[in-house]
Amino acid sequence: MREYLLTILVAALVAYLLTPSVRRFAVWFGAQAVPRDRDVHVIPTPRLGGLAMFGGMVAALVVATGLPEMRKVLGDGGISVSKALLLSGGLIVLIGIADDRWEVDALTKFAGQVAAAGIFIMQGIQVYVIPLPTGDSLSLPPAYGVPLTVLLVVATINAVNFIDGLDGLAAGVVGIAALALFSYAYLLSKAHGLTTLSAATLTAAVLFGMCAGFLPHNFSPAKIFMGDTGSMLIGLLLSASTIMLTGQFDAAVLANGLFPFFVPVLLIPAVAAVPFMDMLLAVWRRTNQGRSPFAPDKQHLHHRLLELGHSTRRAVLIMYFWVGLLASGLVGLALFDAAWVTLGVTLLVAVAGVLLMLRIPGRRRSARAKAAGADAGDQPAERPSMPV
């Protein structure tokens, strides 16, 4: 655990300290988000925050390679994890910088995402097995494993990119997802007497540290945005950790049934349910309207929360709540035998969350209506006009 805590601390500290310098560079470079009709912010805000996050990732990987046990993990089994993350992450960051400054077209970004997935595959990060309900693993030949890996990488990157619409939203959601992946891998390994050092766990730890270090600068009111530089980078690392976790645990050594065996397959769709659902709804909505799936609009889930009457901060915290609830529920089901207790507690918390989410806007609207009525009562009555 000490190795993981050190890498988390380094990633968070470097990302936090680099962000002010990156902000000044973004202003000088001209990479600023000018408010648009669909945006929530009202003043120009620097982008390129992903550069600071990339710096945190690089620093954490350098520290990890300096630890003897971690060095073995990063190059174990023919998979060069550090090289894969640096090369693919560097490519994504370059494309993100160009997009944050000059707005690269969607096809170019898609090609870059596919190329980043290709780097993963060349370095050994690929979906090799899929768990079956029988408890066995289905080995995938390259003809199936390669396109599945590309699909997972591209879908995760774009899901994170779609949700990056409110201050601190993407960094917080992905940070929660990374923490869930880390907790699942570390605690399950420790519970069954397996080694807790793995490339997937390390990647999740680094990702969590990057998001934690950048979030203080990005939470509402944001001083800087991560931009596509950051959203694509953290989506890339999230997919990398998921791919490496798939098939890591053998069902034969898991005491809590087959469910923990399927958690790597279920965890990312669960913790990323909000961005994935938002992405699918956006594609369906725009396609039905005869527009491009990549055409922007102001009908994302976070926009709808604002329309309900929630403030920007409260809307972000609501998204954190649901992602955290889904993630903790899955991890709890994987670690504890009392599945019904875990499901019951999760359901009760979910019901309470829905009631609170709907109650607060109603109270705020009532308060505004009373204030408006009081203001109207203070005004003198309008004198009726005399007939001519």
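A quick note: this is a predicted structure, and the numbers were derived from the prediction, not measured.

Digging into the packing of aromatic side chains
Right, on to step 1. This structure, assessed with the given rule, holds 8 aromatic pairs.
Right, on to step 2. Ring plane angle 35° and centroid distance 6.4 Å describe the contact between Phe-219 and Tyr-320, whose orientation is recorded as tilted. Residue Phe-219 is found in the loop between helix H8 (199–218) and helix H9 (227–245), and its partner Tyr-320 is found in helix H13 (residues 312–335); the two are separated by 101 residues along the sequence.
Right, on to step 3. Owing to a relative accessible area of 23%, Phe-219 belongs among the partly exposed residues under this scheme.
Right, on to step 4. Judged by its relative accessible area of 14%, Tyr-320 is buried.
Right, on to step 5. Members of the aromatic cluster, connected to one another through ring pairs, are Phe-25, Trp-28, Phe-29 and Trp-102.
Right, on to step 6. The ring of Phe-29 carries the charged tip of Arg-101 above its face, separated from the ring centre by 5.8 Å.

Examining the packing of helix H2 (residues 49–65) against H9
Right, on to step 1. Look at H2 against H9: their axes get within 7 Å of each other, and the N-to-C directions meet at 35°. Contacts between H2 and H9 involve Gly-50, Leu-51, Met-53, Phe-54 and Met-57 from the first element and Thr-229, Gly-230, Leu-233, Ile-234 and Leu-237 from the second.
Right, on to step 2. When the residues that make up the contact of H2 with H9 are grouped by side-chain class, the tally is 7 nonpolar, 3 polar and no charged.

What about the side chain of Ser-88?
Right, on to step 1. Within the element layout of this structure, Ser-88 appears in helix H4 (residues 81–102).
Right, on to step 2. Dropping the residues within four chain positions of it, Ser-88 is found in contact with Ala-116, Ile-119, Phe-120 and Leu-236.

Concerning helix H1 (residues 2–29)
Right, on to step 1. Taking 1.5 Å as the rise per residue, H1 with 28 residues should run 40 Å; its terminal C-alpha atoms sit 39 Å apart, in good agreement.
Right, on to step 2. Along its length, H1 reaches its greatest deviation from straightness, about 35°, at Thr-19, and the proline Pro-20 lies no more than four positions downstream.
Right, on to step 3. For H1, the complete set of buried residues consists of Tyr-4, Thr-7, Ile-8, Val-10, Ala-11, Ala-12, Ala-15, Thr-19, Val-22 and Ala-26.
Right, on to step 4. Where H1 is buried, its residues contact strand E1 (32–33), strand E2 (45–46), H2, helix H3 (68–74), helix H7 (169–191) and H8.
Right, on to step 5. Count one or two residues on from H1 and you reach Gly-30, which has phi positive near 85°.

A few points about the pattern of salt bridges
Right, on to step 1. This structure, assessed with the given rule, holds 2 salt bridges.
Right, on to step 2. The salt bridge involving Asp-99 is made with Lys-109; its shortest N-O contact spans 3.7 Å. One end of the pair, Asp-99, is in helix H4; the other, Lys-109, is in helix H5 (residues 106–122), and 10 residues separate them in sequence. Residues Asp-99 and Lys-109 agree in their burial class; the two are buried.
Right, on to step 3. Residue Lys-109 is joined to Asp-228 by a salt bridge in which the shortest nitrogen-to-oxygen separation is 2.9 Å. One end of the pair, Lys-109, is in helix H5; the other, Asp-228, is in helix H9, and 119 residues separate them in sequence. Taken individually, Lys-109 and Asp-228 each receive the classification buried, so the pair is uniform in this respect.
Right, on to step 4. One salt-bridge network, in which partners are shared between bridges, spans Asp-99, Lys-109 and Asp-228.

Re unusual backbone geometry
Right, on to step 1. The residue after Ser-220, namely Pro-221, is reached through a cis peptide bond having omega -5°.
Right, on to step 2. Relative to the elements of secondary structure, Pro-221 occurs in the loop between H8 and H9.
Right, on to step 3. Even without being a glycine, Glu-103 presents a positive backbone phi close to 60°.

So, a nonpolar patch on the surface
Right, on to step 1. On the surface, Ile-130, Leu-138, Leu-148 and Leu-151 cluster together into a nonpolar patch covering about 310 Å² of accessible area.
Right, on to step 2. Relative to the helices and strands, Leu-148 resides in helix H6 (residues 142–163).

Cut-offs and rules
- Residues numbered from 1 in each chain as written.
- Predicted model: local features only at pLDDT ≥ 70, side-chain atom pairs only at ≥ 80, totals over all residues.
- Heavy atoms only, no water.
- Phe/Tyr/Trp six-rings, centres within 6.5 Å; stacked < 30°, edge-to-face > 60°.
- Helix = DSSP H or I, 4+ residues; strand = E, 2+ residues; numbered from the N terminus.
- Buried < 20%, exposed > 50% of the residue type's maximum accessible area, 1.4 Å probe, protein only.
- Lys NZ or Arg CZ within 6 Å of the ring centre and 35° of its normal.
- Axes fitted to C-alpha atoms, helices over the stretch in contact; angles between N-to-C directions.
- Contact = heavy atoms within 4.5 Å.
- Nonpolar A, V, L, I, M, F, W, Y, C, P; charged D, E, K, R; others polar.
- Expected span 1.5 Å × (residues − 1).
- Bend = angle between axes of the 7 residues up to and from the residue.
- Salt bridge = Lys/Arg side-chain N within 4 Å of Asp/Glu carboxyl O.
- Patch = residues over 30% accessible without salt bridge, like charges linked within 9 Å, V, L, I, M, F, W, Y side chains within 5 Å.
- Areas by Shrake-Rupley, 256 points an atom, 1.4 Å probe, with all protein chains shown as cover.

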